[in-house]
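Per-entry structural report
Okay, here's what each chain looks like letter by letter:
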Amino acid sequence: RIARALRASASSTSRDALAAFVEQHSGDALGARAALALGYDEFTRKNFTAAQGWFARAGGDPTLREYVLFWSAQAHRALGENPSAITKLQSFRQEFPQSAIREQALSALAQSALAVNRPVLAIEALAEIKAVETKPDLLLLRARAREQAGKEVEAARDYAAIYYGFPRNDEAKPAGLRLHALRRS
C-alpha cells in the first residue's frame, strides 16, 4: 500500500514511510520488496547512487534477485560504471535464461559492452535475442557492435536493413549516416 502511494504521488512523506517500513522489516521479504520499490523510485528520479543503496538492501531476497540485478546494473550504467554493470548483467544472463525482461537485460549488456570497447560481448549478447532483425533499435545496436569489431560488411548490411526496412523509425537516420560513411571506407 505504501509503495503504491509512493508511485502515485512520489511525495517525500510516502518515501519516508516506505523507508521506515524497510527498517521495520529489514530481515524479511517485505522489507526487501519495499527496498526494491524505493530503489526504483530513486532510479526514476535519477538519484542513481541512492538507488544502488536500496537495491543492495533488496538483494537479500532470492525472489527479487532477477530485478535487483537488472535495476542495479541500470543504475551502474547511468553512473558510467559500465564494468560493474557488465558483471551484474552477465550474472543475470546466466541465472535467468527464461526471464520476462531478458531482452532488455541483453540489450543493456550490449550497450555497456560497447561503452567499454568489448564489441564481441555485445554481439554475443544480441545473438541470444530472438528476431533482432525485426527490431530496429537492436539491429542498430548490433550494427554498431559489428562496426566496432571491424566487421564493416556485416555492419553495413545491418545499417542497410534499418535504412531501407524501417525508413520511418528514428534509427533510420543514424543508420543512413553510418551506411554512407562505410561506403566511403
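For clarity, every value in this text was computed on a predicted model and none was experimentally measured. (Residues numbered from 1 in each chain as written. Predicted model: local features only at pLDDT ≥ 70, side-chain atom pairs only at ≥ 80, totals over all residues. Heavy atoms only, no water.)

Tracing the backbone shows D158 in helix α10 (residues 152–165). Contacts of D158, omitting those with residues within four sequence positions, involve L139, R142, A143 and R146. (Helix = DSSP H or I, 4+ residues; strand = E, 2+ residues; numbered from the N terminus. Contact = heavy atoms within 4.5 Å.)

For the rest of this paragraph, the subject is the nonpolar core. Counting residues in each nonpolar core, the largest one holds 36 residues, and the members touching the most others are L89, F92, L109 and Y159. Sorting the residues of this core by element identifies α5 (65–78), α6 (82–95), α7 (102–115), α8 (119–127), α9 (136–148), α10 and α11 (172–184) as the ones contributing at least two each. For this core, the element with the highest residue contribution is α7, accounting for 7 residues. Core analysis: the next-biggest nonpolar cluster, separate from the first, contains 17 residues, F43, F48, F55 and V68 among them. (Core = buried A, V, L, I, M, F, W, Y, C linked by side-chain atoms within 4.5 Å. Buried < 20%, exposed > 50% of the residue type's maximum accessible area, 1.4 Å probe, protein only.)

Before going further, it helps to examine the packing of α7 against α8. The angle between the axes and the distance between the axes are what describe a pair of packed helices. It is the contact of α7 with α8, at a shortest axis distance of 7 Å, that shows an interaxial angle of 170°. By the angle between their directions, the pair α7 and α8 is classed as roughly antiparallel. The way α7 lies across α8 gives a crossing that is left-handed. Residue-level contacts link L106, L109, A110, A113 and L114 of α7 to P119, L121, A122, A125 and L126 of α8. Of the residues in the contact of α7 with α8, the class split is 10 nonpolar, no polar and no charged. (Axes fitted to C-alpha atoms, helices over the stretch in contact; angles between N-to-C directions. Parallel < 35°, antiparallel > 145°, perpendicular 65-115°, else oblique. Left-handed = near helix turned anticlockwise from the far one by under 90°. Nonpolar A, V, L, I, M, F, W, Y, C, P; charged D, E, K, R; others polar.)

A few words on α10. Look at α10: 19 Å from first C-alpha to last across 14 residues, which is about the 20 Å you get at 1.5 Å a residue. The complete set of buried residues in α10 reads A155, D158, Y159 and I162. Axial view of α10: buried residues confined to an arc of 95°, hence all on one face. Along α10, the residues that are exposed and aim more than 90 degrees away from the buried face are V153, R157 and Y164. Packing partners of the buried residues in α10 comprise α9 and α11. (Expected span 1.5 Å × (residues − 1). Arc of directions from axis to C-beta.)

Here we take up the pattern of salt bridges. For the coordinates displayed, the defined rule picks out 13 salt bridges. R65 is the salt-bridge partner of E95, the closest N and O atoms lying 2.7 Å from each other. On the criterion of sequence distance, the pair formed by E95 in helix α6 and R65 in helix α5 is long-range, its members being 30 residues apart. Residue E95 is classed as partly exposed on the basis of its relative accessible area, which comes to 38%. Taking relative accessible area as the criterion, R65 reaches 32% and is therefore assigned partly exposed. (Salt bridge = Lys/Arg side-chain N within 4 Å of Asp/Glu carboxyl O.)

We now examine the packing of aromatic side chains. One pass over the full model with this rule turns up 6 aromatic pairs. Relative to W71, the ring of F43 lies with its centre 5.1 Å away and its plane at 65°, an arrangement referred to as edge-to-face. With F43 in helix α3 (residues 29–44) and W71 in helix α5, this residue pair connects regions lying 28 residues apart in the sequence. Given a relative accessible area of 17%, F43 falls into the buried group. Relative to Y164, the ring of Y163 lies with its centre 5.0 Å away and its plane at 85°, an arrangement referred to as edge-to-face. (Phe/Tyr/Trp six-rings, centres within 6.5 Å; stacked < 30°, edge-to-face > 60°.)

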